[in-house]
Structures are given as structure tokens and as C-alpha cells.
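# Structure assessment
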Amino acid sequence: MILKTENLSHKYSSNWAIRDINIEIAEAGIIGLLGSNGAGKSTTMNIICGTLNQTEGNVFINDIDVRKHPMEAKKQIGFLPQTPPLYTDLTIDEYLVYCAELRLMDKTKIKAAVAEVKERCGIAHFSSRLINNLSGGYRQRVGIAQAILHKPKLVVMDEPTNGLDPNQMIEARKLIREIAEEHTVLFSSHVLSEVNLLCREVIMIEGGRIVFSDSMDAFNSYAQSNAVIIRMVNPPATADILKVNGVTEVNFLSDKQARVFFEGNEDEITARLVAASVAGGWGLKEINLEKGVLDEVFKQLSNTGG
Ligand SMILES: Nc1ncnc2c1ncn2[C@@H]1O[C@H](COP(=O)(O)OP(=O)(O)OP(=O)(O)O)[C@@H](O)[C@H]1O
């Protein structure tokens, strides 16, 4: 397992910022941590990377407990925090060598590793330029370079495209995709479309809790689908509900309760289900359009640029 968190919870003073965060990442690829501002993304990432000590729960990187063996675990992690930890009065070369030393990399391998990572991130031509004199997009690349310098298994990036202009964003996404060919990337964003563009899997966090965790495809079909929850005294077979015009999928939640996904107008589907119930003797007791926390969150995220 590349990353595993067990009931991760954190309290700043008296309030829980995150609660029972369980994440399991077994395969390479790009995994998005999606959530609106204040959802708990940075808190989760800081704990995963060992820069913040959790109040409760455990983190394992490559099966190594981060709290018990921080040095070993940190060798497997590259972290780009929300504000990249750049020393702006150093040149790119000086800074990357310094980072390599901090990472306790083998001295004889530092030069080659720095050269390789500069090439990778497209910053080799600025090797001796002061970080202070770089544009935001290039600074971000330097931040990414320090995160992958030691070839970690897991690269964690906290809102890596935030604050970049549209062209820089395209470049940064390209770089993230390239990095994901060799590393597992966990990145956070509050922009749904960004996660959609990049990720294989999405973990959505809201109010400090995971509210969705599945493939991007599952996320999209959930986000686009409409559903009603119906409660019946004499539920028919699934096939009978599927016969109602506009119904696309039926999932029974209990003997008497089903989630009915539909296409089209909600008033029309309600009328048709009521009619089908009367005709078929389903004994419809309740019908409610599904409105959960996710609907609100989707709206919020879609409005922030998605
Ligand atoms: N140092 C701190 N002290 C007290 N509360 C904090 C601290 N850092 C974060 N919080 C609170 O914890 C909650 C989660 O914050 P966090 O920064 O993890 O969210 P986020 O999803 O990363 O949001 P953003 O995208 O705005 O950074 C928020 O309610 C925030 O106000």
C-alpha cells in the first residue's frame, strides 16, 4: 500500500478540523483531494507528510508508520505545500542542492539528481538565476522539483495550480501528468474541473470528513444523475420500476426503500412513479428528491471555476 490513513483526526485548539479520514492508495496514478476552502485538505496533507502531528489516527507510507519512523517514511514522500518552501535569495541550483542535503541524499548522487530534476521540470536554463527573480509559474516548478528530487514513491501537492495564470496552469498540469508516470501523486484542489482533468480517482472532503471516494467516472455519473428515494409498502421487482419511462437505474437500499435514478424532469418522474404505484399496487408512502451534502458541495465547487 503506497498510502494508508487510519481514522485520521485533527483538532486545532477545541475544534476538529478533520475527522476519521481513511484513505487507501494502492496503485500509481493521480488521486485528487477535492474540497471547498476550509474543508480540511491542507490539514490532511500536512499530517500525511509529517509536518503536522495528528491528534488521532495513523498514517502509513509504503507500510511505514510516519509517526513512529518519520525519517524512513519521509524518504518516500515528496511534498509541495500550499506555499512552496522556497529560499528566494538562493539560485535554483543552490536551493536544490540544499534540499538534497536536507533529504540526506547520498552526496555522490546529488549533482546528477539535481540536473535530472531541472531537466524534468523545464528549469535547467535558469539554473543560476535567483529564485526571487523567477515568475510565479517557474517558482512553482522549482517547488515541484524539490518535491520529486529524491524520487519518492508518493508526491503530495497542495493546490499546485492555485495562483497560476491559464497558460502556467496548462504547463503545470502537463508536468504533474509526467510526474505521475513514475510516482503516485496526491494533489488537492477546490476546483472540480481541475480534478476532472487530471485524476483517476477522487476523494472528496467536506467539513473535515470524506463524503465521496471513488473513481472519477463514478464521481461524474453521481454528479450528473438525478435520483429520488421512494418508500413503498409492497415494493415491486426492480424490473417493474425500470419500466417507468425515464428511470435509468434502481438500487434497493432496504426491503422497502429504493434509490431511483432518472433522466429528465423531476415533476414528471414523480407523477409517473405515483401512477405506476397506483397501477401496480406498490403502496408508495414517500417520494423525495435526493438532496445530500454532495449536491450542495458540487454547486459550490462548480461555481469556483469548475
Ligand atoms: N493553525 C490552525 N489553527 C486553527 N484552525 C486551523 C488552523 N489551520 C486550519 N484551521 C482550520 O481547520 C479547518 C481546515 O483547514 P484546512 O486548511 O485544512 O482546509 P483546506 O481544505 O486546506 O482549505 P484551504 O483550501 O482554504 O486551505 C478550517 O476550518 C480552518 O479554519
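The structure under discussion appears in the preceding block.
The following paragraphs examine the structure supplied in this document. Computed from a prediction, not measured in an experiment: that's the story for all the values here.

Here the focus is the sheet that holds strand 14 (residues 284-289). Taken in spatial order, the four strands of this open sheet run 12-13-11-14, and their pairing is antiparallel. Of all the strands in the sheet, just strand 12 (247-252) and strand 14 have a single pairing partner and so form its edges. Mean inter-strand twist for the sheet, computed between neighbouring axes without regard to direction, equals 25°. Bridge analysis of strand 11 (residues 226-232) against strand 13 (residues 257-262) gives six bridges, and the strand direction is antiparallel. Counted as the bridge partner of R231 is Q257 from strand 13. The sheet contacts of helix 10 (residues 266-280) involve strand 11, strand 13 and strand 14, and relative to strand 14 the element is tilted by about 165°.

On to the nonpolar core, then. Counting 62 residues, the largest nonpolar core has L96, A145 and V156 as the members making the most contacts within it. With near-sequence residues (within four places) excluded, A145 lies in contact with L96, V117, K118, C121 and I123. The next biggest cluster of nonpolar side chains, apart from the first, holds 13 residues, and it includes M232, I241, W282 and L284.

Our focus in this paragraph is the site of the ligand. Lining the immediate surroundings of the ligand are Y12, A17, G35, N37, G38, A39, G40, K41, S42, T43 and H190. Take the shell around the ligand: its biggest share by element is three residues, from helix 1 (residues 41-48). Within the shell around the ligand, the residues separate by chemical class into three nonpolar, seven polar and one charged.

Turning next to the packing of helix 5 (residues 136-148) against helix 6 (residues 166-182). Running from amino to carboxyl end, helix 5 crosses helix 6 at an angle of 15°, the nearest separation of the two axes being 10 Å. The angle between the axes of helix 5 and helix 6 places the two elements in the roughly parallel class. The two elements helix 5 and helix 6 cross, and the hand of that crossing is right-handed. Between helix 5, through G136, G137, Q140, R141, I144 and I148, and helix 6, the contact on the second element is made entirely by Q168, E171, A172, L175 and I179. Broken down by class, the residue content of the contact of helix 5 with helix 6 amounts to five nonpolar, four polar and two charged.

Moving on to the environment of Q257. You can see Q257 is positioned in strand 13. Residue class for Q257 comes out partly exposed when judged on the 15 C-beta atoms lying within 10 Å of it. The residues contacting Q257, other than those within four sequence positions of it, are I229 and R231.

On to unusual backbone geometry, then. Even without a glycine there, the phi angle at N62 is positive, about 55°. As for its position among the elements, N62 is in the loop between strand 4 (56-61) and strand 5 (64-65). Positive phi is not limited to glycine here, since E159 has a value of about 45°. Examined against the element boundaries, E159 turns out to sit in the loop between strand 7 (154-157) and helix 6. Since 20 C-beta atoms lie within 10 Å of it, E159 is described here as buried.

What counts as what
- Residues numbered from 1 in each chain as written.
- Predicted model: local features only at pLDDT ≥ 70, side-chain atom pairs only at ≥ 80, totals over all residues.
- Pairing = 2+ DSSP bridges.
- Helix = DSSP H or I, 4+ residues; strand = E, 2+ residues; numbered from the N terminus.
- Axes fitted to C-alpha atoms, helices over the stretch in contact; angles between N-to-C directions.
- Contact = placed C-beta atoms within 7 Å.
- Core = buried A, V, L, I, M, F, W, Y, C linked by C-beta atoms within 7 Å.
- Buried ≥ 20, exposed ≤ 12 C-beta atoms within 10 Å, placed from the backbone.
- Near = placed C-beta within 6 Å.
- Nonpolar A, V, L, I, M, F, W, Y, C, P; charged D, E, K, R; others polar.
- Parallel < 35°, antiparallel > 145°, perpendicular 65-115°, else oblique.
- Left-handed = near helix turned anticlockwise from the far one by under 90°.

Any functional reading would require information that these geometric values do not contain.
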